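Secondary and tertiary structure notes
Here is what each chain is made of, one letter per residue.
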Amino acid sequence: MATDLHELLKSLRVWDPETTNLPPFDPTTAPEDPLPLFMEWFADAVAAGETEPHTMTLSTSDEEGLPDGRIVMLHGADAHGWAFATHATSRKGRHLAARPYAALTFYWPVQGRQIRVRGPVAVAPAEEAQTDLHVRSTGALAAALTGRQSEVLGSMEELAAASAEAWEQAAREPKSQAPSWTLYRLRPDTVEFFQGDARRRHVRLAYRREAAGSWARELLWP
């Protein structure tokens with residue numbers, strides 16, 4: 001099996017020209033603030049047909065400082081930070097309560113781009129979390145109402161019963177409250193933009209927030 005995996009890995013290509021178009025990126029034209037560049041790259045990813053460009057890896061640390069990561073959905077990005085949501089009682093919610101600092105990673109292979117965002121995380125007001133939840137789909141509300149995220153599950157039948165009840169409630173009461181559902185905002189200390197290059201001369205532009213609130217920019221070796 002190990003040999004089969006090795007051969008399979010050898011057969012794969014990164015940024016296959018048949019599916020990938022690596023656009024040029026001149027870092028000297030980048031804005032002073034990373035948010036407008038993020039917005040531009042995000043729009044480019046959507047236009048390029050990137051699959052689920054709004055998903056990202058959220059990396060946290062537990063009480064002992066051990067890292068963990070999972071894929072979550074971006075709920076917004078503005079001057080207040082990059083937003084995502086989860087149950088405060090979930091594993092990542094407990095991590096953020098103990099260590100309110102995290103990292104986000106976006107990867108858009110159609111254009112060979114990734115963006116890394118890192119900084120402290122704050123909890124948004126509860127009413128904002130519920131408003132955010134109620135503008136989402138019935139399925140999203142049902143999942144939030146099901147709750148118990150990251151707890152040990154006794155059986156798939158138990159999940160099916162709880163989910164069915166939550167779906168019925170979400171359809172019947174679309175403004176139902178999910179008390180543990182929490183909206184978080186990561187206010188970045190650093191944001192890095194990575195543009196892949198076919199000759200491996202990748203462009204890495206890093207933004208670092210300074211004490212006065214402005215941003216310092218620097219290029220990094222690939």
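Refer to the preceding data block for the structure.
A brief report on the enclosed structure follows.

Cut-offs and rules
- Residues numbered from 1 in each chain as written.
- Predicted model: local features only at pLDDT ≥ 70, side-chain atom pairs only at ≥ 80, totals over all residues.
- Heavy atoms only, no water.
- Patch = residues over 30% accessible without salt bridge, like charges linked within 9 Å, V, L, I, M, F, W, Y side chains within 5 Å.
- Areas by Shrake-Rupley, 256 points an atom, 1.4 Å probe, with all protein chains shown as cover.
- Salt bridge = Lys/Arg side-chain N within 4 Å of Asp/Glu carboxyl O.
- Helix = DSSP H or I, 4+ residues; strand = E, 2+ residues; numbered from the N terminus.
- Buried < 20%, exposed > 50% of the residue type's maximum accessible area, 1.4 Å probe, protein only.
- Pairing = 2+ DSSP bridges.

1. Let's talk about a nonpolar patch on the surface
- A cluster of nonpolar side chains, namely Leu-5, Leu-8, Leu-9 and Leu-12, defines an oily patch on the protein surface of about 410 Å² accessible area.
- Tracing the backbone shows Leu-8 in helix 1 (residues 2-11).

2. Let's talk about the pairing of strand 4 (residues 81-87)
- Extensive coverage of strand 4 is indicated by the burial of seven of its seven residues.
- Here three bridges tie strand 3 (residues 76-78) to strand 4, and the two strands are oriented antiparallel to one another. When the sheet's bridge partners are listed, Asp-78 is paired in strand 4 with Gly-81.
- Taking the residues that link successive antiparallel strands as the turn, the strand 3-strand 4 hairpin has two residues.
- As defined by bridge partners, strand 4 adjoins strand 7 (residues 181-186) across six bridges and the pair is classed as antiparallel. Residue pairing across strands places Phe-84 opposite Tyr-184, the latter belonging to strand 7.

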